[in-house]
Amino acid sequence: MSESEELLRDDRRTDDDSGGEPLVEVDGLKTYYEGDGLFGDEPVRAVDGVDFAIERGETLGLVGESGCGKTTLGRTLVRLEQATAGEVRFDGEDITTLSGSRLKRWRRDAQIVFQDPESSLNDRMTVGEIVQEPLNVHDWPRLDVGVEGATKDVRVTGDGEATDRESPDLVVDVRGEPSVRVREAVPVDVGVKKRRLRRARVRELLWTVGLREEHYFRYPHQFSGGQRQRIGIARALALEPKFVVLDEPVSALDVSVQAKILNLLEDLQEEFGLTYLFIAHDLSVVRHICDRVAVMYLGNVMEIGETEELFENPENPYTYSLLSAIPDTDPTAERDRVTLRGTPPSPRDPPAGCPFTTRCPVKIRPEEYEGADDEAWEAVEVLREVLRERERAEKSLTERAREVLGMETRFSDIDEVRREVFDYRLPEEAEAAVDRAAEAVRNGREDRAREHLVEALETAGADRSDVDAAVDRFIADAGDGEAGRARRRLRDRYGGVDLPPSMAETVEAAVGDVREGDEDRARERLREEFGSVCDAERPEHYRVSPTGRTSYCHRHREEYEPPGPVFDRLL
Amino acid sequence: MSERQTHTDEVPLGDRIAANPRPAALWVAGVALFVLAEFGAVATVAVDLLAAVAGAVAAVAGAVAGPGPVAPAIGGTVADLLASARGVAESIPTLLSRELVPNQGHKVAPDGPWAGTFLGLPPAVAWGLRVLLVYAYLFGFLYWVWYGYRLFVEHYRQADWTPRDDVVRRLRGHRWGQFGLVVVVLFVGLALFAPTVSPTTYERNVISPYEYEIQYLEEGSGEVQSIAVGDANLQSASQGGSDPEYNTGPMEYDDFGRFHPFGTMANPGGDLFTFMAYGARVSLFIGLLAIGISGFIAATFGLVTAYYKGLADLSVVLVSDSIQAIPAILLLILVSVIFSDHWLATFYNGGLLIALAFGFIYWPGLWRSVRGPAFQVAEQEWVDAARSYGQRADATMRKHMLPYILGYLLIYGSLTIGGVIITTSALSFLGIGINPPTPEWGRAVAGGRSYVATQSWHIALIPGVLIVLVVTAFNALGDGIRDAIDPQSEGGEAATEAAAAGGGG
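Residues numbered from 1 in each chain as written. Chains lettered and ligands numbered in written order. Predicted model: local features only at pLDDT ≥ 70, side-chain atom pairs only at ≥ 80, totals over all residues.

### Digging into the overall build of chain B
Summing up its helical and strand segments, chain B has 20 helices and six strands in all. Structurally, chain B occupies a C-alpha span of about 95 × 60 × 60 Å along its principal axes. Across chain B, the fraction of contacts at a sequence separation of at least 24, relative to all contacts at a separation of at least 6, is 70%. (Helix = DSSP H or I, 4+ residues; strand = E, 2+ residues; numbered from the N terminus. Contact = placed C-beta atoms within 7 Å.)

### A look at the overall build of chain A
Scanning chain A from N- to C-terminus turns up 21 helices and 19 strands. Out of the 571 residues in chain A, the part that is buried amounts to 38%. Restricting to contacts in chain A with at least 6 residues of sequence separation, those with at least 24 account for 67%. (Buried ≥ 20, exposed ≤ 12 C-beta atoms within 10 Å, placed from the backbone.)

### Concerning the nonpolar core
Membership of the largest hydrophobic core comes to 175 residues, with the highest contact counts inside it found for Leu277, Phe278 and Val295 of chain A together with Met276 and Met401 of chain B. Tallying contributions element by element places helix H12 (residues 272-308) of chain B first for this core, with 18 residues. Every residue in contact with Phe278 of chain A, bar those within four places of it in the chain, is listed here: Thr59, Leu60, Gly61, Leu62, Leu246, Val286, Ile289 and Cys290 of chain A. Listed in part, the 19 residues of the second largest apolar core include Leu426, Val434, Ala478 and Leu490 of chain A. (Core = buried A, V, L, I, M, F, W, Y, C linked by C-beta atoms within 7 Å.)

### Notes on the sheet that holds strand E19 (residues 550-552) of chain A
Residues and elements named next belong to chain A. If you trace the eight strands from one edge of the open sheet to the other, you get E7-E12-E13-E4-E14-E15-E19-E18, paired in mixed fashion. Both outer strands of the open sheet, strand E7 (110-113) and strand E18 (541-543), are each paired with one neighbouring strand and no more. Taking each pair of neighbouring strands and ignoring which way they run, the sheet shows an average axis angle of 20°. Relative to the sheet, helix H2 (residues 70-77) contacts strand E4 (59-63), E7, strand E12 (243-247), strand E13 (275-280) and strand E14 (292-297), its axis offset from that of E13 by approximately 155°. (Pairing = 2+ DSSP bridges. Axes fitted to C-alpha atoms, helices over the stretch in contact; angles between N-to-C directions.)

### Considering the confidence of the model for chain B
Residues and elements named next belong to chain B. Per-chain confidence: chain B averages 85 in pLDDT, with 91% of residues scoring 70 or above. Ranking the elements of chain B by mean pLDDT puts helix H1 (residues 2-8) last with 40 and helix H8 (residues 175-192) first with 94. Segment residues 1-8 is flagged for pLDDT under 50; beyond a separation of four residues in sequence, or across chains, it makes six contacts in the model. The ipTM, which scores confidence in the relative placement of chains, is 0.77 for this predicted complex, and the corresponding pTM is 0.78. (pLDDT = per-residue confidence, 0-100.)

### Quick word on the environment of Asp472 of chain A
Residue position: Asp472 of chain A is located in helix H16 (residues 464-479). Sequence separation of Asp472 of chain A and Arg450 of chain A is 22 residues, and the distance between their C-alpha atoms is 8.1 Å.

### Here's the deal with the interface of chain B and chain A
Each side of the interface is counted separately: chain B has 28 residues, and chain A has 42 residues. Broken down by secondary-structure element, the contributors of at least two residues to the side of chain B that touches chain A are H1, helix H16 (381-388), helix H17 (393-430) and helix H20 (487-501) of chain B. The element contributing the most residues to the side of chain B that touches chain A is H16 of chain B, with six residues.

### Quick notes on the packing of helix H18 (residues 441-448) of chain B against helix H19 (residues 458-484) of chain B
All names here are of chain B. Following both chains from N to C, one finds H18 and H19 inclined at 145°, their axes separated by 7 Å at the closest point. Here H18 and H19 pass one another in a crossing that is left-handed. Contact residues: H18 offers Trp441, Ala444, Val445, Gly447 and Gly448, while H19 offers Ile459, Ala460, Pro463, Gly464, Leu466 and Ile467. Looking at the contact of H18 with H19, its residues break down into eight nonpolar, three polar and no charged. (Left-handed = near helix turned anticlockwise from the far one by under 90°. Nonpolar A, V, L, I, M, F, W, Y, C, P; charged D, E, K, R; others polar.)

### Details of helix H6 (residues 225-237) of chain A
For an α-helix, 3.6 residues make a turn, and residues three or four places apart therefore share a direction. The first and last C-alpha atoms of H6 of chain A sit 18 Å apart over 13 residues, in line with the 18 Å expected at 1.5 Å per residue. Most of H6 of chain A sits out of view: 13 of its 13 residues are buried. (Expected span 1.5 Å × (residues − 1).)

### Overview of the domain arrangement of chain A
Taken domain by domain, chain A comprises domain 1 (13-135 + 198-290), domain 2 (314-328 + 335-364 + 538-571), domain 3 (367-421 + 500-531) and domain 4 (424-497). Using C-alpha coordinates to define each centre, domain 1 of chain A is positioned 65 Å away from domain 4 of chain A. (Domains from an automatic or database assignment.)

### Digging into the sheet that holds strand E5 (residues 85-90) of chain A
All names here are of chain A. Across the sheet, four strands lie side by side as E3-E2-E5-E6; this open sheet has antiparallel pairing. Pairing within the sheet leaves two strands with one partner each, and these edge strands are strand E3 (44-54) and strand E6 (93-94). The sheet contact formed by E5 and E6 spans two bridges and is antiparallel. For Phe90, the partnering residue across the bridge sits in E6 and is Glu93.

### Things to note about the domain arrangement of chain B
Note on interface size: it is often stated as the accessible area lost on association of the parts. Residues and elements named next belong to chain B. Considered domain by domain, chain B is made up of domain 1 (202-270) and domain 2 (273-495). Computed from C-alpha coordinates alone, the two centres of domain 1 and domain 2 are separated by 38 Å. With 19 residues of domain 1 at the contact, the number on the domain 2 side is 17 residues. At four residues, the largest contribution of residues to the side of domain 1 that touches domain 2 is made by helix H10 (residues 202-207). In the side of domain 1 that touches domain 2, the residues fall into eight nonpolar, 11 polar and no charged.

### What to know about the packing of helix H13 (residues 310-325) of chain B against helix H15 (residues 351-378) of chain B
All names here are of chain B. Where H13 meets H15, the closest approach of the two axes is 9 Å, and the angle between their N-to-C directions is 125°. By the angle between their axes, H13 is oblique relative to H15. Considering how the two elements wind past one another, H13 and H15 form a crossing that is left-handed. From H13, Ser320, Ile323 and Gln324 reach across to H15, where they touch Ile361, Pro364, Trp367 and Arg368. (Parallel < 35°, antiparallel > 145°, perpendicular 65-115°, else oblique.)

### Some thoughts on the environment of Asp341 of chain B
Residue and element names in this part refer to chain B. Here Asp341 lies in the loop between helix H14 (328-338) and H15. On the basis of neighbour count, Asp341 is assigned to the exposed category, with 9 C-beta atoms found within 10 Å. Taking the C-alpha atoms as reference points, Asp341 and Pro209, separated by 132 residues in sequence, lie 26 Å from one another.

### Topic: unusual backbone geometry
The peptide bond linking Asn267 of chain B to Pro268 of chain B adopts the cis configuration, its omega dihedral lying at 5°. Residue placement: Pro268 of chain B occurs in the loop between strand E6 (259-260) and H12. Look at the link from Pro436 of chain B to Pro437 of chain B: it is a cis peptide, with omega at 5°. Mapped onto the fold, Pro437 of chain B is located in the loop between H17 and H18. Even without a glycine there, the phi angle at Arg79 of chain A is positive, about 60°. Relative to the elements of secondary structure, Arg79 of chain A occurs in the loop between H2 and E5. Of note, Glu248 of chain A is a non-glycine position whose phi angle comes to about 45°, a positive value. For Glu248 of chain A, the location among the structural elements is in the loop between E12 and helix H7 (255-272).

Next up, the structure:
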C-alpha cells in the first residue's frame, strides 16, 4: 500500500484512562452445553446467569469445586465457548457477538493460559515456533503509524497503514521537529524483515518468562512442567494482551514450582499492566495472588468481594463451608469443620431455588420446624435429595419400558433407602423392655430375657409367628457381647423411623407414595411440608459489606437470620 | 559472539550450509553422480511428462477454442519438438540399460561362446549382472539419501533433538519392519526398472511378438537360424504334462538360447519374469493411486470431522457407512462392466478405473482408523490455544492436528496397499478389472491354475508366492512404522521423564 493515508488524530490516550470503567463486565452470562441424548435431554447449565466486573489491572480469583463451571466461564470470556445468553463487555464492547475480522482483532487483547502444560503445547513444534505462531497469525508487528501532537489533520505518506489502535508500533510526532519513534515492545530497528522482528520478539518473550535463549530450538518434550507452563505464558503474552485468563495455571505443577510461576505471573502483571482472571481450586493460592475473589457453585457466583475480607469473614454459607475445608497450619487450633453432605446436583437439572439448597447446612426451615432436631432434619433432607437424584438418574430404554409396564426396576426399592437414611426405633415401652432383656442376658438369665423380648416385640406389633426366631437371634448376638447389633436388628425389623411424630407422618406418607410408584407426589408432599424459600426462589445478590462484597443467599433478607450466627449455633 | 548467534537466531538453511559447505558439497556431488549415471533415463521421463502435460493442454485448448487451424498447428510444432527432444534424451547412454549389458544373444557353436551378449557371457550371467547393478544402484541411492539426512542432523539442524529422532531410533531396532522395507524396495525396484531387469522387452514379450525375430543355434544342424519371437514363445511355452519338451521351468534356457529366470508362461508362451516386472508396475500404480486418493479423502474428512464434530461428523459417518455397506467386489465388477467402453477404461486397460474405484471404496476404512486419533488430537489444549489467538481453522488442522494423524495414515495406508494389490489380483483372476494385454499378477495365477499339479507348476506358484510376499512386506512395514511412532510408548516416556524431572520450573 503506497498511496497516502489520512491518519486519524491522536486522541486515543483519553479513552484508555476513562475513569474507573472496568475492563471486563459480565452481565447475565449463561453458557449451556446442549444435551446429546436420544430424548432431547436438558442442556448442561455450566454457567447459569453470572454478573461481575473485572477492574483494570486487578486479579480476580474464581474458585469453586470441580465442575462448578469456572473453567467454562473463563473459556467463555475468551470466546472459546459461545455464550448462550448475556453479555461480556470488553472495554464497553460486547464481545459475545463478535465475528470475523473483528473477533480476530479482539483476540489479541484477551488470551488464556491453560491448566495442563502437557496438553497445551504442540509437541511437534519447537518452542520458538510455538511462541511465534500468534505473531504470525496476526502478522505482528503491524508497523502501523500513529500521529502525535498534530494540531490539525496531517497526511503521512508511506507503506504504513492508518490506525486508530491504541498503541501503534510507529509514532510520528509532528510537534516541533517531526520525529518517528518505535514502540518499546518492538525490539529492533525498523527496516529489518518482519520475520526477524518476530524471532527477536520470541527470544525476548522467552527471556521475559525466565527461559533461556537457547531453548528456542528445543521441543516441549525436553522441558519440565514448570518450564512448559512458562512457554504457555510466553505464548499468551506474545500479542501483548490486556486481559489474560489463567485457567488453573499452577494446579498441575509441583508445589515448589507453583510459587515460582505465581511470582512470575505477578511480575508480568506489574510490568505489562495485565488484568487477570485467575481460576483455581487451591484457596491458599487464590488468597496469595488475587485482589478480589468470586466463589462459584453450580454455575452461579455465590459470593464476590475483596480477598482478605472474604477469607476472614465469609458471608455466604457456601463460602463458609468451602473455607472451613482449608487445613489449619496450627495443629493445636480447635476448629469446627463444616462437612457438606453428598455431591453437587447435576448442572443438567439444577434446583429451582438457590443452587446450594440441596447441601446447605444453614438452609432456611419452615417456621414449624425451626426447633426440630438437627439430625432428624438432616435425614429428611437426605431423603429429599435421594428422591431428587432418582428423578434425574439416567434411565435406560429397558428401564423406561419396565416402568411403563409397571414392572420392578432398580429404582423401586424405597424401603432400603428408608433404612439407609433414617435411624430406626421401637416404641418407647418396647425399647425399655429390650433394655431389660439385654441386662438379663448380661446376667446370664436367658429365660428372663426371653420374656422381656416377647413382651417388647408384642408391644411393637410383631407377628407372633416369627417372634421366636428373632428372640433366639437376639439372645445369641447379645450373648456374644454384640448387644448393639442385636438391638439394631430388632429395630430395623420391627421399628419405625426415629422422627418426631409430625415429621414421621409426612415421611411415611411419601415413602408410601414411592412404593405405589408415584415419586412425583412424594417429592411434592415433602416439598410442601418441609420446603422453604430456599427451595422455591432464586436468591439475589445482597450487598454484605461496605467494600461492595455481595452474597447470593436468602438469609441476607431482613426477615431471616444471617448465615453467620446460624453457623455459630450449628458448630 | 558468533557461538551465541548460532544458538539464538534462526539462520536460513542456505546460510547454514554456506557457513560449512564441505559436507553438503560432498553429498550433492554424490547425488550428481547418481543422477549422471541415469541422466538419459531421467531426461526421457522428464520429456514424457512434458509431452503428457502438453497433450493435456492442447486437448483443453482445443476444446476451449473450438475447431480452428491454429491450435493443431501449434500442437503439432510442440509435438515435433518434444519428439526430437525425446530422441536426444534416449541417445544419452545410461548405466542401467539393456544396451549396456545385453543378455540376448545366441551360441555360435554347441560348446562355443555366445554372440551378442555382454562380454560373450551366458545370458543368465549377463541378466544377473544387470539385475545386480540395478539393485546396487537403488540401494546405494537410498543409502545416500539416508546419509544426507544424517549429515543434515549432524551439521545443519539447529535443534539438537526432535521427536523424529525417536521415531528413527525405534525404526532402526525394528527387524520385522526392516524386512518389510527391504522387500518393498525390491518390489518398487522391480516396478521402477521393469524395462531393465526384464530378460526381454514388453514390446517383444507381450505387445507384438511377431514383429521381431531372434537368432538361435539349431541344435540338430548346428546352424544359426532365425525365428519370429512369437513362434519361439509358442514353442517354448510351458504346457504342463510331464514331457520336459513342453516345459521351460524357472532358471532354465529354452530351445532358442533364451534364459527364463521364472520360466515361461502357458500358451501363447512368453517370459514370466518380464510379465511379472511389468505387472508390478501396474500393481504399484494402482496401489499408490488408490491409497493416495483414499488417504487424501480420509485425512481431509478426519480433520474436518474432528475439528467441527457434530453434524459434520454425523454426515460423514452416514456417507462412509453407506459406502462400506456396498459389497466391494460387486461394486468393482459393476464399475468394470459399466465403464468398460468409457475413455477412463483405456488407461492401463482398466487399471486407472480400478484405482479410482479402490480409492472410493477404501477411504471410509482409512477415515475410520484416523477418526479416533483425530478426535483425540482435537481435544488437546493446543488446538484450543490456536483458536484463542485466532488461528484459521484450516491452518489449525494442518499445523496442529495433521502431523498427529499422518503416522496413522502411513500405517493403515501401507496395510491397505497390500489389500489393494491382492484384490486387484483377485479381480484379474476372475477375469475382470485389468484386461489383457496389460500384465497383472492375478492373471498369471489364473493362467497357470490348470498346471499346478504338473511340471509347469511355476506359472501359478511364483506369482502367487510373490503376491503373498509383497502383501506381507507391506504389512510388516506398516507394523514397523506403527511401532516406531507408537504414541503409547512415546507417552510413557514423556510421563517418566516428567516424573524424573519433578518440575524444576
